[in-house]
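# Notes for the structure review
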Amino acid sequence: MNSIDLASLNQRFALPGHVQFKEGPGGLAVAEIANAHATAMIALQGAHVMTYQPRGQAPVLWLSQYAKFAPGKSIRGGVPVCWPWFGPHPDDAGKPAHGFARTVLWEVLEASAAADGATRIRFGLVHTEATRAQWPHPSTAQLVVTVGADLRVELVTRNEGSAPFTLGEALHTYFHIGDVAGVAIRSLEGCDYLDKVNNFSRAKQQGAVVIESEVDRVYLNTQADCLIEDSGLKRRIRIAQQGSRSTVVWNPWIEKAEKMGDFGPEGHRGMVCVETANALENVVTVAPGAAHSMLAVISVEPLG
Ligand code: BG6
C-alpha cells in the first residue's frame, strides 16, 4: 500500500486548515481532515471514510476497536463502499461479497475547500487487471466526500462501454449509537423488505425498526430520509438519500459478531448499519455513456 507517495500527494492536494495525507493505522495512507466544522479520516484503500465527528459531537460513525487495517482487507466500520455488486455476486460465488471497491486502492483526483468551510475530496477507483477480471465492463467509479456540518458521500458510476450493465451498490454506513436498546429507526414504516435472516422472505415493516436480535433486511423502494433516534446519545441521525431506492438495516447481534472476529465482545451494542443502497430488486441499469449517482447526506439533530 505504501507505494503511495505521501509527499507528492501532500504537494498536490494538501490544503492547510482542511486536509493532509499521512500514514494511518496499519500503515494505510489516509486523508486526515480537520476544518471548522468537523474532523474525519478517509483511507485511500476503498476511499473508506473511517471517522466523521462534527465539532462538539460524539463520533457519528462507528469504527470497531478490533478493526483490521491491512492492504486488501475491508475495514470494520465507517463507510465501506460496496460496488459494483451488493452482497454475494449474482452468479459467481467465487467473487468477493459486496464487490471489490472496498478493498482496492482509490486515487485522489481533487481536494478543495467549499465557501462554507467544508472540505471536499474526490476519489477515483483505480482499475487493475484484477478488477477487470472481476468486472469486465468499461466503467469508472468516483466517490465525492464532503466533510462539513454534515457528511456528504456521493458515489458516481459511469458506463464507458458500449453495452448497458447492471449495478448493485451500497454506502454501507456503520453508525455509532449509545446502546442498541435505546435506538429506533424511523421512516421505513410500511415499507416492504426482504429479510436475510429469514431466507429472504418478504415482509412489511410495522412501526419503527427496533433491534433486539440479528437484523439483516433490505428495504425496497424507499427514498425517504431515514432517521436513527438514539435516546442514549440524545440525538437523531438523519440520512437523506438521492439515487438510492434500497435501505439496508443490519446488526449482526451476538453470535454472528463473535464469528466475525473484528467486532469485539459487545461491539454490536454500539452500532447499527443503515445503508444507502441499490440492491436486489433495486439494482440499476446504467446505459452506455450514462452516469448514475447515489448520494447520502448524514446530519445530526438534537433529540427534542
Ligand atoms: C450487510 C449485509 O450489508 O453487510 C449482511 O446485509 C452482511 O448480510 C454485512 O453480513 C457485513 O458484510 P461484511 O462482508 O462486511 O462482513
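Nothing here was measured: the structure is a model prediction, and the numbers come from that model.

This part is about the side chain of Thr131. Structurally, the position occupied by Thr131 is in helix α2 (residues 129-134). For Thr131, the side chain forms a polar contact with the main-chain nitrogen of Thr128, separated by 2.8 Å.

Taken together, the neighbourhood of the ligand is formed by Arg76, Phe86, His98, Arg102, His172, Lys196, Asp216, Val248, Trp250 and Glu275. Between the ligand and His172 there is a distance of 2.7 Å, counted from an oxygen atom to a side-chain nitrogen or oxygen. Measuring from an oxygen atom of the ligand, one finds a side-chain N or O atom of Lys196 at 3.0 Å. Contact with the protein chains removes 81% of the 390 Å² of surface that the ligand exposes when unbound. Comparing atom positions with the cavity grids shows the ligand to sit within the largest pocket. Tallied by class, the residues present in the shell around the ligand amount to three nonpolar, two polar and five charged.

A few words now on helix α1 (residues 6-13). Taken together, the buried positions of α1 are occupied by Leu6, Leu9 and Phe13. Axial view of α1: buried residues confined to an arc of 60°, hence all on one face. In α1, those exposed residues whose orientation departs by more than 90 degrees from the buried face are Ala7, Gln11 and Arg12. In this structure, the buried residues of α1 make contact with β1 (19-23), β2 (29-34) and β6 (106-113). N-capping of α1 is provided by Asp5, with a side-chain oxygen placed 3.1 Å from the backbone N of Ala7.

Another aspect to go through is the packing of aromatic side chains. In the structure shown here, the tally under the stated rule is nine aromatic pairs. On the basis of an interplanar angle of 90° and a centroid distance of 5.9 Å, the ring pair of Trp83 and Phe100 is categorised as edge-to-face. Linking Trp83 in the loop between β5 (81-82) and β6 with Phe100 in the loop between β5 and β6, this pair joins segments that are 17 residues apart in sequence. Overall, Trp83 belongs to the buried group, its relative accessible area being 0%. Judged by centre distance (6.1 Å) and plane angle (80°), the ring pair of Trp250 and Phe263 falls under edge-to-face. Remark: Phe263 occurs in the loop between α3 (253-260) and β20 (271-278) and Trp250 occurs in strand β19 (residues 246-251); sequence separation between them is 13 residues.

Attention now moves to unusual backbone geometry. A cis amide bond links Trp83 to the next residue, Pro84, at an omega of 0°. Within the element layout of this structure, Pro84 appears in the loop between β5 and β6. Even without being glycine, Phe200 reaches a positive phi, approximately 65°. With a phi close to 50°, Leu280 is a non-glycine residue in the positive phi region.

This part is about the side chain of Asp262. Residue placement: Asp262 occurs in the loop between α3 and β20. Residue class for Asp262 comes out buried when judged on its relative accessible area of 7%. Leaving out residues up to four positions away in the same chain, Asp262 has contacts with Ser64, Tyr66, Ala67, Lys68 and Arg76.

Here we come to the nonpolar core. Ranked by size, the top nonpolar core spans 67 residues in total, and within it Trp83, Trp106, Phe175 and Ile185 carry the most contacts. Counting residues in hydrophobic clusters, the runner-up holds nine residues, among them Phe86, Val218, Val248 and Ala279.

What follows covers the sheet that holds strand β4 (residues 48-54). Pairing in this open sheet of four strands is antiparallel, and the strands run β1-β2-β3-β4 from one edge to the other. Where the open sheet ends on each side, the last strands, each with one partner, are β1 and β4. Taken over all neighbouring pairs, the strand axes of this sheet differ in orientation by 15° on average, direction set aside. Two elements, strand β3 (residues 38-43) and β4, share six bridges in a ladder whose sense is antiparallel. If you follow Ala43 over to β4, its bridge partner there is His48.

Time to look at the layout of surface pockets. In this structure, the largest pocket occupies an estimated 390 Å³ of space. In terms of lining residues, the largest pocket is bounded by 22 residues, among which Arg76, His98, Arg102, Trp250 and Met260 are the most central. Class assignment for the residues of the lining of the largest pocket results in nine nonpolar, four polar and nine charged. Roughly 310 Å³ of volume is contained in the second largest pocket. Surrounding the second largest pocket, 15 residues form its lining, Trp85, Phe86, Pro88, Pro90 and Val283 being those nearest its centre. Here the residues of the lining of the second largest pocket sort into ten nonpolar, four polar and one charged.

This brings us to the pairing of β19. Here β19 lies mainly inside the structure; six of its six residues are buried. Examined bridge by bridge, strand β16 (residues 215-219) and β19 share five bridges and lie antiparallel to one another. Residue Val218 lies in a different strand from β19, and its bridge partner there is Val248. Strand direction decides the pairing type here: β19 and β20, joined by five bridges, are antiparallel. By the bridge assignment for β20, Val248 is matched with Glu275.

What counts as what
Residues numbered from 1 in each chain as written. Predicted model: local features only at pLDDT ≥ 70, side-chain atom pairs only at ≥ 80, totals over all residues. Heavy atoms only, no water. Helix = DSSP H or I, 4+ residues; strand = E, 2+ residues; numbered from the N terminus. Polar contact = N/O pair within 3.5 Å; in protein donor to acceptor, adjacent residues only side chain to side chain. Near = heavy atom within 4 Å. Areas by Shrake-Rupley, 256 points an atom, 1.4 Å probe, with all protein chains shown as cover. 1 Å grid on protein atoms, 1.4 Å probe; cavity = no way out; pocket = protein on both sides within 12 Å on 5 of 7 lines; lining within 4 Å. Sits in = over half its atoms within 2 Å of the grid points. Nonpolar A, V, L, I, M, F, W, Y, C, P; charged D, E, K, R; others polar. Buried < 20%, exposed > 50% of the residue type's maximum accessible area, 1.4 Å probe, protein only. Arc of directions from axis to C-beta. Contact = heavy atoms within 4.5 Å. Phe/Tyr/Trp six-rings, centres within 6.5 Å; stacked < 30°, edge-to-face > 60°. Core = buried A, V, L, I, M, F, W, Y, C linked by side-chain atoms within 4.5 Å. Pairing = 2+ DSSP bridges. Axes fitted to C-alpha atoms, helices over the stretch in contact; angles between N-to-C directions. Points joined across faces, edges and corners; volume = space filled by probe spheres on them.

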